[in-house]
Amino acid sequence: MQTVHSIAEVQDIISVRRSEGLRIGFVPTMGNLHGGHLTLVEQAKQHCDIVVVSIYVNPLQFGPNEDYDSYPRTMEQDQQLLIEHGVDLLYAASTTEIYPEGSENHTHVSVEVLDGMHCGMSRPGFFRGIATVVTKLFNIVRPDVAVFGEKDVQQLTIIRKMVKDMCMPVDILGAPIAREETGLAMSSRNGYLSREEREDIAPTLYQCLLAAKEAIQAGESDFDLLRRDAFAKMAQAGFKPDYFNICNTETLLPATHNEKSLVILAAGFLGKARLIDNIYFERD
Ligand code: AMP
């Protein structure tokens, strides 16, 4: 695996591979890689001839009081994992090239409406930061296929819309959520939790999603009641609940009572972390 840091190097290497007729798969990440990221790499490998992973902790998607400075940066360990998983090229991007005049003094991409819901309500500017950096990374790498995790379902929905609206020539694939044995969705931010928080409290988030899914499938249609129940269970376990929204899978708008495909998106604060999760399902 080659590791490169500059846009020119990425473009030189990929243009040669593209001229050989190879399909380029791309997995953008912020590093501190875990099993969830590796699911994306495996999916990219299935659909493409070469796999490019980027690691970049994007300052534009962090709010002023968020964890940009403390976000875990584990480059050597990440490189080792990517080598073991057969990745061809690692692009470790640098802010001097991504935002040469500063991140606020850069062209921004916004996917409006969608970016103000759910996580966008407690993290203003978050999705603008993501849409901007993903656009830039797509233009640098020019992948045929890019893989994103269903764990960040709002991000995946926003990227799909951006690609469709802007006619970007890339296929977007979603990869299923990788979970720890307890059911907790894998996340770099799980590392902020104490052992007790991680093992005993954090899995409650997924348990609340499963309980609401089962209730809906058993015929419950009072979504406000389900939200109140989930908030109460989360708070009792030790979370500060953020949202628990039962939505249409395409639009992520609140579900109406006759929709069949549903997704529940949930988020909560626990210790030093803010955790998110979701669940897709059909009802009869
Ligand atoms: P991040 O490094 O957190 O920005 O995540 C990079 C990519 O990995 C995103 O597309 C995430 O949705 C995806 N991802 C993170 N955690 C998981 C997980 N537990 N399961 C599947 N995909 C994930």
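Residues numbered from 1 in each chain as written. Predicted model: local features only at pLDDT ≥ 70, side-chain atom pairs only at ≥ 80, totals over all residues. Heavy atoms only, no water.

Sheet architecture is open: three strands sit in the order S7-S8-S9, paired in antiparallel fashion. Among the strands making up the open sheet, the edge pair consists of strand S7 (240–248) and strand S9 (273–282). For this sheet the average axis-to-axis angle between neighbouring strands, irrespective of direction, equals 10 degrees. Where strand S8 (residues 261–270) lies against S9, ten bridges are found, and the strand directions are antiparallel. If you follow Ser261 over to S9, its bridge partner there is Glu282. Along the sheet face, helix H10 (residues 223–237) touches S7 and S8 and points at about 150 degrees away from the line of S7. (Pairing = 2+ DSSP bridges. Helix = DSSP H or I, 4+ residues; strand = E, 2+ residues; numbered from the N terminus. Axes fitted to C-alpha atoms, helices over the stretch in contact; angles between N-to-C directions. Contact = heavy atoms within 4.5 Å.)

We now examine the domain arrangement of the protein. Domain annotation of the protein identifies domain 1 (2–175) and domain 2 (188–279). The distance between the C-alpha centroids of domain 1 and domain 2 comes to 26 Å. Each partner contributes to the interface: domain 1 provides 21 residues, whereas domain 2 provides 15 residues. Together domain 1 and domain 2 conceal approximately 1500 Å² of surface at their shared face, both sides included; 53% is due to carbon and sulfur atoms. It is His118, Lys151 and Val153 that lose the most area in domain 1 upon contact with domain 2, and together they represent 34% of the buried surface on that side. Applying the counting rule to domain 1 against domain 2 returns one salt bridge. The shortest N-O distance in the salt bridge between Arg189 and Asp67 comes to 2.9 Å. Linking domain 1 to domain 2 there are ten residue pairs in polar contact (both at pLDDT 80 or more). Within the residue set of the side of domain 1 that touches domain 2, elements represented by two or more residues are helix H5 (119–122) and helix H7 (153–165). At three residues, the largest contribution of residues to the side of domain 1 that touches domain 2 is made by H7. (Domains from an automatic or database assignment. Buried area = accessible area lost by both parts, 1.4 Å probe. Salt bridge = Lys/Arg side-chain N within 4 Å of Asp/Glu carboxyl O. Polar contact = N/O pair within 3.5 Å; in protein donor to acceptor, adjacent residues only side chain to side chain.)

A few words now on the sheet that holds strand S4 (residues 89–92). Taken together, the six strands give an open sheet; going across it, the order is S1-S4-S3-S2-S5-S6, and neighbouring strands pair in parallel fashion. Sheet topology places strand S1 (2–4) and strand S6 (171–175) at the edges, where each strand pairs with a single neighbour. Adjacent strand axes in the sheet meet at a mean angle of 25 degrees, parallel and antiparallel pairs treated alike. With four bridges connecting them, strand S3 (residues 50–55) and S4 associate as parallel partners. In the strand pairing of S4, Val53 is matched with Leu90. Contacts from H7 reach strand S5 (145–149) and S6 within the one sheet, and its direction differs from that of S6 by about 170 degrees.

The terminal C-alpha atoms of helix H6 (residues 126–141) lie 22 Å apart, and with 16 residues this matches the ideal 22 Å at 1.5 Å per residue to within 8%. Of all 16 residues that make up H6, 14 are buried, and the element is covered over most of its length. Positive backbone phi, approximately 45 degrees, marks Arg142, located one or two places after H6. (Expected span 1.5 Å × (residues − 1). Buried < 20%, exposed > 50% of the residue type's maximum accessible area, 1.4 Å probe, protein only.)

What follows covers the site of the ligand. Not every one of the 16 residues close to the ligand is listed here, only the nearest: His37, Gly149, Asp152, Ala178 and Met186. At 2.9 Å from an oxygen atom of the ligand is found a main-chain nitrogen or oxygen belonging to Met30. Measuring from a nitrogen atom of the ligand, one finds a backbone N or O atom of Met186 at 2.8 Å. Contact with the protein chains hides 92% of the accessible area of the ligand, taken as 480 Å² for the molecule alone. Elements that contribute at least two residues to the shell around the ligand include exactly strand S2 (24–29), helix H2 (35–47) and S5. Of all the elements, H2 adds the most residues to the shell around the ligand, at three residues. For the shell around the ligand, the class distribution of residues is eight nonpolar, six polar and two charged. (Near = heavy atom within 4 Å. Areas by Shrake-Rupley, 256 points an atom, 1.4 Å probe, with all protein chains shown as cover. Nonpolar A, V, L, I, M, F, W, Y, C, P; charged D, E, K, R; others polar.)

Turning next to the nonpolar core. Counting 48 residues, the largest nonpolar core has Ile98, Phe138, Ile159 and Ile172 as its most contacted members. Ranked by residues supplied to this core, first place goes to H6 with ten residues. Taken together, domain 1 (2–175) and domain 2 (188–279) each give at least three residues to this core, which thus spans both. Leaving out residues up to four positions away in the same chain, Ile172 has contacts with Phe138, Ala146, Phe148, Leu156, Ile159, Arg160 and Val163. (Core = buried A, V, L, I, M, F, W, Y, C linked by side-chain atoms within 4.5 Å.)

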